[in-house]
Structures are given as structure tokens and as C-alpha cells.
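Overview (structure and organization)
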Amino acid sequence: MKYTILVLIALFASCSNNIIVHTDFDRSVEIHRLTNYSWLGNKNIELRNNPLYINELTDKRIKDAVGRELAEKGYVFSEQAAQVIVHYHIVIEDKAAVRTEPYGYFYTPYWMSNGAETVRYQEGTLIVDFMDTRNCNLIWRGWAVSVLDEQKLITEDLINRAVSEIFRKFPTSAVKEAREY
């Protein structure tokens with residue numbers, strides 16, 4: 001039984017490197033034609049969340065990573081002429097995995113019993129939203145989900161990898177496409 005628990009813990013620890021990304025967008029908006037962005041003001045940051053995850057360092061790291069990815073795609077930061085407002089959310093959830101039958105190929109009384117094992121872990125989600133400045137409607141959302149490491153930290157490396165994966169699915173701006181053509 002101890003061996004099975006160790007295998008499950010190792011499995012979840014190895015999964016912490018995996019980042020699953022999803023995106024959704026408003027098909028009626030040509031996002032690639034919107035080339036300037038700004039960040040939602042600090043007064044609107046979700047202060048009710050855990051300061052272990054939402055703090056000045058995490059805020060700076062996320063904004064730097066998003067800024068690098070947007071610059072790579074041809075978007076320009078502009079507080080005065082922004083066409084898009086960018087905002088992010090961090091969601092941390094306690095999760096559990098339950099295994100209802102043990103591994104093994106031999107028959108013992110334990111094998112015949114109905115046992116269950118539970119492994120607890122935390123899953124972190126980084127959500128990046130793009131809203132139209134004219135009406136504050138959500139026009140694009142990307143989110144990355146990953147199992148957090150044993151220390152339950154949102155590291156700079158994890159932020160950079162998550163943002164990079166999110167922006168693989170974000171459109172390149174029309175201005176950059178025109179320059180490259």
C-alpha cells in the first residue's frame with residue numbers, strides 16, 4: 001500500500017511540469033486588427049485572494065511575461081490609445097485523486113478488499129483576459145492549468161511557461177503580419 005501511494009505521489013509530482021491550455025474568443029471581433037493594449041488598473045485587482053499567490057512579485061512577473069509575448073506578436077503597450085484592456089486571474093484549487101483498487105498481479109486478502117487511496121494536491125489556473133476598451137466586453141480568454149509543486153508556489157518559471165503556452169494560441173497582430181509580408 002505504501003508503494004502505491006508513493007507511485008501516485010510521484011505521478012502527480014511529475015505532472016506538475018504539464019500545463020494544459022484552453023482559449024475562447026468572440027468570433028465577431030477581429031482581434032488581430034486591435035494592436036494597442038493596456039492593463040486593467042491596480043484598484044481592480046482581486047484583493048480578496050490569498051496574498052501568497054496575489055502579490056506585487058507575481059503581478060510584475062505575469063505582466064512582464066504577457067508583455068513579452070504580446071510584443072513578440074506585434075502588439076504595443078499604450079495607456080492612452082489602448083484598444084484592448086488586459087487583465088488576469090489566478091485560481092488555486094485543492095484537488096484530490098482517488099484510486100479505488102490497488103496495483104498488482106497477485107491475489108491476497110488485500111487484493112480482494114475494496115480499498116481506496118486519496119492523494120491531495122493543489123491545481124493552479126492562470127487566466128488572461130482581453131476586453132474591448134469601448135464596452136469592456138470580453139473578446140479573448142486564455143487559461144493555463146497546472147498542478148503546483150510540493151511547496152505550492154507559483155514560480156517565475158511556471159508563470160513564464162504558462163504565459164508562453166497561452167500565447168501560442170493568440171493571433172499575431174495585423175501590423176506585424178503586414179511588416180513580415
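Structural notes, computed from the coordinates.

Cut-offs and rules
Residues numbered from 1 in each chain as written. Predicted model: local features only at pLDDT ≥ 70, side-chain atom pairs only at ≥ 80, totals over all residues. Heavy atoms only, no water. Helix = DSSP H or I, 4+ residues; strand = E, 2+ residues; numbered from the N terminus. Contact = heavy atoms within 4.5 Å. Pairing = 2+ DSSP bridges. Axes fitted to C-alpha atoms, helices over the stretch in contact; angles between N-to-C directions. Expected span 1.5 Å × (residues − 1). Buried < 20%, exposed > 50% of the residue type's maximum accessible area, 1.4 Å probe, protein only. Arc of directions from axis to C-beta.

**A few points about the environment of S38**
- Within the fold, S38 resides in strand β2 (residues 36-39).
- For the pair formed by S38 and F77, sequence separation is 39 residues and the distance between their alpha carbons is 5.7 Å.
- For S38, the residues in contact, after removing those within four places along its chain, are F77, S78, E79, A82, V84, I85 and V86.

**A closer look at the sheet that holds strand β3 (residues 76-77)**
- A sheet is described by the order of its strands in space; here 6 strands give the open sequence β1-β6-β5-β4-β2-β3, paired in mixed fashion. Every interior strand has two partners, whereas the edge strands, β1 (20-25) and β3, have only one.
- Pairing of β2 with strand β4 (residues 84-99) involves 3 bridges; the strand directions are parallel. Looking at the pairing, Y37 lines up with V84 of β4.
- Strands in contact with helix α2 (residues 56-72) are β2, β4 and β5 (117-132); relative to β4, the strand with the most contacts, it is inclined by about 115°.

**With respect to helix α4 (residues 156-167)**
- End to end, α4 covers 17 Å across 12 residues, agreeing with the expected 16 Å (1.5 Å per residue, within 8%).
- The set of residues buried in α4 consists of L158, I159, A162, V163, I166 and F167. Viewed end-on, α4 has its buried residues packed into an arc of 150°, placing them on one side of the element.
- Looking at the buried positions of α4, the neighbouring elements they touch are β1, α2, β5 and β6 (138-147).

**Considering the pairing of β4**
- The pairing of β4 with β5 spans 16 bridges and is antiparallel. Bridge assignment links A96 to a residue of β5, and that residue is R120.

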